[in-house]
Amino acid sequence: MYEKLSKLTDEQINTLRTLQQNVSMTDKHIRLGENGQSNLSVYTYSKWTTWTREQKTNFKTAFTEEQLEKSVIGWFLHFPANTGFLDRMIAWEGQTHCGTVISYALEDQEIYIDDQAVSILAGEGIKFKLNTIHEIRPQTHERRWACIMVMV
């Protein structure tokens, strides 16, 4: 299950896009999906634990106080054109205690939730529990997300 979230303002979208361009992104993370080592996800990311106070404050302007009160981490994801993807994530399937992800798309794109394509326009958000099967497939354009994980 998932919930689509209202679109951010143009100012919030531009703030996040600019911020993502100015934080260090890394690809040294291995996140195993359903296919394990044979299909490692391809993306870069940056977590707010490495940002300056100003960067973190600017990032948080896109999220509500209620969301931020329950947040444990925030990050950017970047999926390169043609090659970037997130393998089908099933690690939390069946678990009752897991985080909830709130993500805002910085470009038009798709995410697969329970094997169904969900179109997300630039600035729109999506909220789902990590125990929901999710996947991001390659597309012909780069895609970026601004995300937080909350505990509810």
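Residues numbered from 1 in each chain as written. Predicted model: local features only at pLDDT ≥ 70, side-chain atom pairs only at ≥ 80, totals over all residues. Heavy atoms only, no water.

K.L.:
Honestly, unusual backbone geometry in this entry has me stumped. Any pointers?
P.N.:
Negative phi values dominate among residues other than glycine, just as trans dominates among peptide bonds. With a phi close to 70°, Asn82 is a non-glycine residue in the positive phi region. By the element assignment, Asn82 lies in the loop between β3 (71-79) and β4 (86-89). Residue classification places Asn82 among the exposed positions, given a relative accessible area of 52%. Backbone geometry places Asp115, a non-glycine residue, at a positive phi of 65°. (Helix = DSSP H or I, 4+ residues; strand = E, 2+ residues; numbered from the N terminus. Buried < 20%, exposed > 50% of the residue type's maximum accessible area, 1.4 Å probe, protein only.)

K.L.:
Mind showing me how you'd approach the packing of aromatic side chains here?
P.N.:
Aromatic ring pairs are reported here in terms of the distance separating the ring centres and the angle at which the planes meet. According to the stated counting rule, one finds seven aromatic pairs in the structure shown. Where Tyr43 meets Phe79, the ring centres are 5.7 Å apart and the plane angle is 50°; that geometry is what we call tilted. Of the two residues, Tyr43 sits in the loop between α1 (10-21) and β2 (44-47) while Phe79 sits in strand β3, which places them 36 residues apart along the sequence. Tyr43 sits in the buried class, given a relative accessible area of 9%. Taken together, the aromatic side chains of Trp48, Trp51, Phe59, Phe63, Phe76 and Tyr104 make up a single cluster linked through ring pairs. The ring centre of Trp48 lies 4.8 Å from the NZ or CZ of Lys56, which sits over that ring. The cationic tip of Lys60 hangs over the ring face of Trp48; the distance from NZ or CZ to the ring centre is 5.0 Å. (Phe/Tyr/Trp six-rings, centres within 6.5 Å; stacked < 30°, edge-to-face > 60°. Lys NZ or Arg CZ within 6 Å of the ring centre and 35° of its normal.)

K.L.:
Looking at this model, I keep getting lost on the state of the cysteines. Mind explaining?
P.N.:
Working definition of a disulfide: a covalent bond connecting the sulfur atoms of two cysteines. Going through the model one piece at a time under the given rule, you end up with zero disulfides. As a non-bridged cysteine, Cys98 has Cys147 as the owner of its nearest cysteine sulfur, 15 Å distant. Taking relative accessible area as the criterion, Cys147 reaches 1% and is therefore assigned buried. (Disulfide = S-S within 2.5 Å.)

K.L.:
What exactly am I supposed to notice about the pattern of salt bridges here?
P.N.:
Charged atoms that come close allow side chains of opposite charge to pair. All told, the structure shown has four salt bridges when counted by the stated rule. Here Glu124 and Lys4 are joined by a salt bridge, their closest N and O atoms 3.7 Å apart. Linking Glu124 in the loop between β7 (116-120) and β8 (125-129) with Lys4 in strand β1 (residues 3-5), this pair joins segments that are 120 residues apart in sequence. For Glu124, a relative accessible area of 17% translates into the label buried. Residue classification places Lys4 among the partly exposed residues on the basis of a relative accessible area of 42%. (Salt bridge = Lys/Arg side-chain N within 4 Å of Asp/Glu carboxyl O.)

K.L.:
I'm lost on the environment of Gly123 in this one. Help?
P.N.:
Topologically, Gly123 is positioned in the loop between β7 and β8. Owing to a relative accessible area of 0%, Gly123 belongs among the buried residues under this scheme. Placed 17 residues apart in sequence, Gly123 and Leu106 show a C-alpha to C-alpha distance of 5.6 Å. Leave out the neighbours within four places in its chain, and Gly123 touches Ser6, Lys7, Leu8, Ile13, Tyr104 and Ala105. (Contact = heavy atoms within 4.5 Å.)

K.L.:
Honestly, the environment of Tyr104 in this entry has me stumped. Any pointers?
P.N.:
For Tyr104, the position within the fold is in strand β5 (residues 100-105). As a C-alpha pair, Tyr104 and Asn14 span 90 residues in sequence and 12 Å in three-dimensional space. Not counting the four nearest positions on each side in its chain, Tyr104 is found in contact with Leu5, Ser6, Leu8, Ala62, Phe63, Gln67, Gly123, Glu124, Gly125, Arg144, Trp145 and Ala146.

K.L.:
Explain the nonpolar core to me, please; I cannot follow it from the model alone.
P.N.:
One broad trend across soluble globular proteins is that nonpolar side chains are buried collectively. Formed by 41 residues in total, the largest nonpolar core has its most connected members in Phe59, Phe76, Ile111 and Trp145. Within the residue set of this core, elements represented by two or more residues are α1, β3, β4, β5, β6 (109-113), β7, β8 and β10 (143-150). The element best represented in this core is β10, accounting for six residues. Apart from the residues within four sequence positions on either side, Trp145 is in contact with Trp75, Phe76, Leu77, Phe79, Ser103, Tyr104, Ala105, Gln109, Ile111, Ile120, Ile126 and Ile136. (Core = buried A, V, L, I, M, F, W, Y, C linked by side-chain atoms within 4.5 Å.)

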